[in-house]
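Here is how the chains run, residue by residue.
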Amino acid sequence: MRPLADMLRPKKLEDVVGQKQLIGKGNVLYNLINHKKLFSMILYGPPGTGKTTLANVIINELDLEYDFLNAVINSKKDFDNTVSKAKEQGGLVLIMDEIHRLNKDKQDLLLPYLENGLITLIGLTTANPYHSINPAIRSRCQLYELKPLSNDDIVLALKRAFPLLENIKIEDDALDYIAFLSGGDVRYAYNLLEVAYYASSDFHIDMDLLKKINNKPSLYIDKNDDGYYDVISALQKSIRGSDVNVALHYLARLIVAEDLDIIFRRLSVIAYEDIGLANPAIGPRLEAAIKAAERVGLPEARIPLGEIVVDMALSPKSNSAHEALDLAIRDVKMGNVGKVPNHIKTHSKDYKYPHNYKGSFVKQQYLPDELKERKYYNPKLTSKYEVNLKNIYDKINKAID
């Protein structure tokens, strides 16, 4: 017997629940379908928000030929077959699940056909594509974020299931409770409704029955509909803001959701983006905490993670290094580069080797002539370490001037 969630999968745009910011009248995907036009895209968001459903609805509405592949499960030969089919038919839509896990061989195979339009890609992922998807793939796709469904959306979806569940009786508070437990995941809501229906003696679903089955919310988001990525963002902002209690709260959400990988990645960003030169020892300490957490696994992983988050939240903060680099990158992107001075080119005989001079310093120009007065680094005085760096920096600048 097919699962309830599969039987209720929409086939038309008007039957899709939620995501009005994309498919509501006048919005981007609504208009694309209305104009019978499709571009390569990546649909990303938490589980159960309708990524696969929306991809299938788009294909159905536009009556397009397509293949469905999984970036991990399907082999390179499967991808070769899709390319061959696209060539035979003069074009094909490829729906690809778990696109964030696409390896280099498969990327290299697909890229030229995405470039020339022979294959139109609809990628699906729960990961943030700005961090997890190869830039070459990402640059050829439009990115659309699917949001967790609201409780009202979930209740509406659940009511659509009633005709398929003969003699069902469900209390209003039980319906609302399923919506709450689902955390915006409609598939989870359908599965819980179906289990409750068959777990009851007379197809009557009430709060007592639901609490016997499951009283733990789906923690991909919380009960207030805070998005998963919002929780990750809140963790970083609370550490940046030195609020240790709030940082521990958001860490707790991610630990209960058992998503250690995103904790490791985000804490690594915070260590260098927000703490940086104010406390450069935090990087190695974080790496040691991550290794310990990986070694012991959950639930004990919470111990080193809690310790390092307290340390990071209460640490002095500085973003001076990465801001300096961003200014340099901006110059490069704007074409402000110039030629490398002759005396520091690879085979120059005029280069002055600093170690041959007192204090391992000698005055000489390193920046191109066009940029020789440019200064990117602006020290922050939030820690003794960076104050010492500033003193050295000032002495060097004074000697150069």
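Residues numbered from 1 in each chain as written. Predicted model: local features only at pLDDT ≥ 70, side-chain atom pairs only at ≥ 80, totals over all residues. Heavy atoms only, no water.

## Structural notes on the overall build of the protein
Move 1: Scanning the protein from terminus to terminus reveals 19 helices and seven strands.
Move 2: Here the C-alpha radius of gyration of the protein, 27 Å, is well above what a compact globule of 401 residues would show, namely 21 Å.
Move 3: For the protein, with 401 residues in total, the buried portion stands at 43%.
Move 4: When contacts within the protein are restricted to residue pairs at least 6 apart in sequence, long-range pairs at least 24 apart make up 73% of them. (Helix = DSSP H or I, 4+ residues; strand = E, 2+ residues; numbered from the N terminus. Rg over C-alpha atoms; globule rule 2.2 N^0.38 Å. Buried < 20%, exposed > 50% of the residue type's maximum accessible area, 1.4 Å probe, protein only. Contact = heavy atoms within 4.5 Å.)

## A few points about the sheet that holds strand S1 (residues 41–44)
Move 1: Spatial ordering of the open sheet is given by S2-S3-S4-S1-S5, a layout of five strands whose pairing is parallel. With one partner strand each, in any of the chains shown, strand S2 (66–70) and strand S5 (142–145) form the two edges of the open sheet. Taken over all neighbouring pairs, the strand axes of this sheet differ in orientation by 20° on average, direction set aside.
Move 2: Judged from the four bridges that link them, S1 and strand S4 (residues 119–125) form a sheet pairing that is parallel. Each residue of the ladder has a partner; that of Tyr-44, found in S4, is Thr-125.
Move 3: Where helix H4 (residues 51–62) meets the sheet, its contacts fall on S1, S2, strand S3 (92–97) and S4, and the angle it forms with S4 comes to roughly 160°.
Move 4: Of the strands in this sheet, S3 and S4 are in contact with helix H6 (residues 104–115), which crosses S4 at around 125°. (Pairing = 2+ DSSP bridges. Axes fitted to C-alpha atoms, helices over the stretch in contact; angles between N-to-C directions.)

## Here's the deal with the packing of aromatic side chains
Move 1: The tally for this structure, following the rule as stated, stands at five aromatic pairs.
Move 2: The interplanar angle of 85° and the centroid separation of 4.8 Å between the aromatic rings of Tyr-197 and Tyr-198 together place this pair among those described as edge-to-face.
Move 3: With a centroid separation of 5.1 Å and an interplanar angle of 75°, the aromatic rings of Tyr-377 and Tyr-393 are classed as edge-to-face. In this pair, Tyr-377 sits in the loop between helix H18 (320–333) and helix H19 (384–400) while Tyr-393 sits in helix H19, placing the two residues 16 residues apart along the sequence.
Move 4: Counting every residue linked through ring pairs, the aromatic cluster contains Tyr-197, Tyr-198 and Phe-203. (Phe/Tyr/Trp six-rings, centres within 6.5 Å; stacked < 30°, edge-to-face > 60°.)

## As for unusual backbone geometry
Most peptide bonds take the trans configuration, and most residues that are not glycine carry a negative phi.
Move 1: Put simply, Leu-298 and Pro-299 share a cis peptide bond, and its omega is 5°.
Move 2: Relative to the assigned elements, Pro-299 resides in the loop between helix H16 (282–296) and helix H17 (302–314).
Move 3: Non-glycine residue Asn-167 carries a positive phi angle of around 65°.
Move 4: You can see Asn-167 is positioned in the loop between helix H9 (151–161) and strand S6 (169–170).
Move 5: Since its relative accessible area comes to 53%, Asn-167 is described here as exposed.
Move 6: Positioned with a positive phi, Ser-242 is a non-glycine residue whose angle comes to about 65°.

## A short note on the pairing of S4
Move 1: When you tally the buried positions in S4, you get seven out of seven residues, the bulk of the element.
Move 2: Covered by surrounding structure in S4 are Ile-119, Leu-121, Gly-123 and Thr-125 together with Thr-120, Ile-122 and Leu-124, the residues of both alternating faces.
Move 3: Relative to S4, S3 runs parallel, the two being bridged by six bridges. Across the sheet, the residue bridging to Leu-94 is Leu-121, located in S4.
Move 4: Following the chain from S3 across H6 to the adjacent parallel S4, one finds a crossover that is right-handed. (Right-handed = clockwise from strand over helix to strand, strands pointing away.)

## Focus on the pattern of salt bridges
Move 1: Applying the stated criterion across every chain, the model contains 14 salt bridges.
Move 2: Of the charged contacts in the structure, one is a salt bridge between Asp-331 and Arg-374, with a shortest N-O distance of 2.7 Å. Of this pair, Asp-331 sits in helix H18 while Arg-374 sits in the loop between H18 and H19, and the two are 43 residues apart along the sequence.
Move 3: Overall, the relative accessible area of 7% leaves Asp-331 in the buried class.
Move 4: One salt-bridge network, in which partners are shared between bridges, spans Arg-2, Asp-6 and Arg-9. (Salt bridge = Lys/Arg side-chain N within 4 Å of Asp/Glu carboxyl O.)

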